[in-house]
Amino acid sequence: MIRIDIANPREQQVADLIVIHTAYGAAHYPSESNTHVYLDEYEESGVLLLGAWKDIECVGIAGLKSLTNEHGELKSMHVLEQARGHGVGRRLIDAVIKEAKKHGLDRLSLETGSRDASSAARKLYENIGFEYCGPFGDYKEDPECVFMTMCLAKTETRAASK
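Here is what the cut-offs are and how they apply
Residues numbered from 1 in each chain as written. Predicted model: local features only at pLDDT ≥ 70, side-chain atom pairs only at ≥ 80, totals over all residues. Heavy atoms only, no water. 1 Å grid on protein atoms, 1.4 Å probe; cavity = no way out; pocket = protein on both sides within 12 Å on 5 of 7 lines; lining within 4 Å. Points joined across faces, edges and corners; volume = space filled by probe spheres on them. Helix = DSSP H or I, 4+ residues; strand = E, 2+ residues; numbered from the N terminus. Nonpolar A, V, L, I, M, F, W, Y, C, P; charged D, E, K, R; others polar. Pairing = 2+ DSSP bridges. Axes fitted to C-alpha atoms, helices over the stretch in contact; angles between N-to-C directions. Contact = heavy atoms within 4.5 Å. Buried < 20%, exposed > 50% of the residue type's maximum accessible area, 1.4 Å probe, protein only.

> Let's hear about the layout of surface pockets: which residues, and what values?
Looking at the largest pocket, its volume works out to about 780 Å³. Around the largest pocket sit 36 residues that line it, and Met-77, His-78, Thr-112, Ala-121 and Tyr-125 are the ones nearest its centre. Taken together, the elements giving at least two residues each to the lining of the largest pocket come down to helix H1 (12–28), strand E4 (71–79), helix H3 (88–102), strand E5 (107–113) and helix H4 (119–128). If one sorts the elements of the lining of the largest pocket by residue count, E4 sits on top with seven residues. Among the residues making up the lining of the largest pocket, the classes are represented as 15 nonpolar, 15 polar and six charged.

Shown next, in the form of structure tokens:
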């Protein structure tokens, strides 16, 4: 059973997962293309971090950062390798979408990598309903980056039609 809760970056398991997430990005992408929130930056980042817990183990994280009163960003999405393929990522994104709506946001966007290392994440985002778009917020065009967005009102329409 997976439980999604607000995560504290100061908790050791959460901190370890943040470090794993940033190391994964550093191993697959050049530093100038990484837009991670590093462990020591969370307090000032404005990112609401959610954790996925299986029993007492934190197996995934995802964050929500408000960009404007209407627009938010999905940040720091990472699921431990051994927990992938079990719906953890989907549950985290659903929780971020719920939080975004609770905060009155109309749109949720994300930046992810363009290489094969991020292909499973891109497929997940597509399956949830994110669409490809150009850079948003402070992002610039970068061949190592892919940008995606979702109108949150559409998520209600999709859910109602299922």
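Picking up where we left off.
> An account of the environment of Asp-94 is needed here, citing residue identities and associated values.
Following the sequence through the fold, Asp-94 ends up in helix H3. Each C-alpha atom of the pair Asp-94 and Ile-128 lies 8.7 Å from the other, and the pair is 34 residues apart in sequence.

> Before we move on, can you summarise the sheet that holds strand E7 (residues 145–151) with the specific residues and values?
Taken together, seven strands build an open sheet; the order of strands is E1-E2-E3-E4-E5-E7-E6 and the sheet is mixed. The open sheet is flanked by strand E1 (2–6) and strand E6 (131–133), the only strands paired with a single partner. For this sheet, the mean inter-axis angle between neighbouring strands, taken without regard to orientation, is 30°. Where E4 lies against E5, four bridges are found, and the strand directions are parallel. Among the inter-strand pairings, Glu-73 is bridged to a residue of E5, identified as Ser-109. Sitting on the sheet, H1 is in contact with strand E2 (47–54), strand E3 (57–66) and E4, with an inclination near 70° to E3.

> Could you give an account of the environment of Leu-108, with specific residues and numbers?
Summarising the element assignment, Leu-108 is placed in strand E5. We classify Leu-108 as buried; its relative accessible area is 0%. For the pair formed by Leu-108 and Cys-151, sequence separation is 43 residues and the distance between their alpha carbons is 6.6 Å. Excluding its chain neighbours within four sequence positions, the residues that come into contact with Leu-108 are Leu-64, His-71, Gly-72, Glu-73, Leu-74, Val-96, Ile-97, Phe-130, Met-148, Thr-149, Met-150 and Leu-152.

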